[in-house]
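Here's the letter readout for the chains.
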Amino acid sequence: MVVDKTRVIIVNRQKEVKIPTGIRMLIRRCCNAALKMEQFQGSVEVSVTMVDNSYIQSLNKQYRNKDVPTDVLSFPMVKDGKYEIDPDTNAQILGDIVISMEKVLEQSERYGHSFRREVAYLVAHGMLHLLGYDHENGGLEKRRMREKEDQILDSLGFSSAVSYVREEA
């Protein structure tokens, strides 16, 4: 494996949705799968925070000027192509992923797949944003990002045959 050490800090800041057993391990596996696929080198830190709709809506309003809840937000810690370095561990700090667990539940039901698959998809999506991918302009960039998400899901044993359109909130 190319990555030296991956530290995934997972925090649950919501009480709306009960977190099933194994979700924290799935989040770690998904982060590692994204890093492996991208052949990312060196030690890294990433944080994943599980929140409710009202919390993610306040972040979405503050940082994106969109006053609606969304499913996932990513906050990369990169400047001029370089990630911040944790002085204690010398690891690159990729950034933060924030996921609405209420949206996970809602979207897994809407699209007819498991809660676990929806979590994996949103973590993969968030990780790709932390690694520099973007879909905001659509077109080829959006298609490339979607293909990468499918590769990550496939590597974790989730079928990418399920297709749906992300809410652009």
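Residues numbered from 1 in each chain as written. Predicted model: local features only at pLDDT ≥ 70, side-chain atom pairs only at ≥ 80, totals over all residues. Heavy atoms only, no water.

1. Quick notes on the overall build of the protein chain
Then, number 1: The secondary structure content of the protein chain amounts to five helices and six strands.
Then, number 2: Its helices and strands in sequence order give the protein chain the pattern β-α-β-α-β-β-β-β-α-α-α, from N to C terminus.
Then, number 3: Taking 2.2 N^0.38 as the reference for a compact globule, 169 residues should give roughly 15 Å; the C-alpha atoms of the protein chain span a radius of gyration of 15 Å, in line with that estimate.
Then, number 4: Reported as C-alpha extents along the three principal axes, the dimensions of the protein chain are approximately 40 × 35 × 35 Å.
Then, number 5: In the protein chain, buried positions account for 48% of the 169 residues.
Then, number 6: Here the analysis covers contacts within the protein chain between residues at least 6 apart in sequence; of these, 70% occur between residues at least 24 apart.
Then, number 7: Surface exposure of the protein chain reaches about 8,900 Å², of which carbon and sulfur atoms provide 47%.
Then, number 8: Side chains of the protein chain give 24 positive and 25 negative charges; the mean places of these two sets differ by 3 Å. (Helix = DSSP H or I, 4+ residues; strand = E, 2+ residues; numbered from the N terminus. Rg over C-alpha atoms; globule rule 2.2 N^0.38 Å. Buried < 20%, exposed > 50% of the residue type's maximum accessible area, 1.4 Å probe, protein only. Contact = heavy atoms within 4.5 Å. Areas by Shrake-Rupley, 256 points an atom, 1.4 Å probe, with all protein chains shown as cover. Lys, Arg positive; Asp, Glu negative; His and termini not counted. Charge placed at Lys NZ, Arg CZ, Asp CG, Glu CD.)

2. What about unusual backbone geometry?
Then, number 1: Look at aspartate 80: it is not a glycine, yet its phi comes out positive at around 55°.
Then, number 2: A positive phi angle, near 65°, is found at asparagine 90, a position not held by glycine.
Then, number 3: On the basis of relative accessibility, which here comes to 60%, the residue asparagine 90 falls in the exposed class.

3. Quick notes on the layout of surface pockets
Then, number 1: Space inside the second largest pocket adds up to approximately 180 Å³.
Then, number 2: Elements with a minimum of two residues in the lining of the second largest pocket: strand E1 (6-12), strand E2 (44-51), helix H2 (53-64) and strand E6 (92-100).
Then, number 3: With three residues, the top contributor of residues to the lining of the second largest pocket is H2.
Then, number 4: Looking at the lining of the second largest pocket, its residues break down into seven nonpolar, two polar and two charged. (1 Å grid on protein atoms, 1.4 Å probe; cavity = no way out; pocket = protein on both sides within 12 Å on 5 of 7 lines; lining within 4 Å. Points joined across faces, edges and corners; volume = space filled by probe spheres on them. Nonpolar A, V, L, I, M, F, W, Y, C, P; charged D, E, K, R; others polar.)

4. Side note on the packing of aromatic side chains
Then, number 1: With the rule as written, the count across this model stands at two aromatic pairs.
Then, number 2: Summarising the aromatic geometry, the rings of tyrosine 63 and phenylalanine 75 are spaced 5.0 Å apart at their centres and angled 70° between planes, so their arrangement reads as edge-to-face. Residue tyrosine 63 is found in helix H2, and its partner phenylalanine 75 is found in strand E3 (residues 72-76); the two are separated by twelve residues along the sequence. (Phe/Tyr/Trp six-rings, centres within 6.5 Å; stacked < 30°, edge-to-face > 60°.)

5. Points about the nonpolar core
Then, number 1: Of all hydrophobic cores here, the largest spans 41 residues; its most connected members are Ile27, Leu94, Ile99, Met101, Val119 and Met127.
Then, number 2: Of all the secondary-structure elements, those providing two or more residues to this core are E1, helix H1 (23-37), E2, E6, helix H3 (101-111), helix H4 (115-130) and helix H5 (139-155).
Then, number 3: Among the elements that line this core, the one with the most residues is H4, at ten residues.
Then, number 4: Residues within four places of methionine 127 in sequence aside, it is in contact with Cys31, Ala34, Leu35, Val46, Leu94 and Ile97.
Then, number 5: Formed by five residues, the second largest nonpolar core is a distinct cluster that contains Ile56, Leu59, Leu73 and Val98. (Core = buried A, V, L, I, M, F, W, Y, C linked by side-chain atoms within 4.5 Å.)

6. Things to note about the pattern of salt bridges
Then, number 1: Within the structure shown, the criterion is met by six salt bridges.
Then, number 2: The partner of glutamate 106 in a salt bridge is arginine 110, with the nearest N and O atoms 2.6 Å apart. Of the two residues, glutamate 106 and arginine 110 both sit in helix H3, four residues apart, roughly one turn of that helix.
Then, number 3: Overall, glutamate 106 belongs to the partly exposed group, its relative accessible area being 30%.
Then, number 4: Note that arginine 146 and glutamate 149 form a salt bridge whose closest N and O atoms lie 3.2 Å from each other. Within this pair, arginine 146 and its partner glutamate 149 are both found in helix H5, separated by three residues, close to a single helical turn. (Salt bridge = Lys/Arg side-chain N within 4 Å of Asp/Glu carboxyl O.)

Any functional reading would require information beyond the geometric quantities listed.
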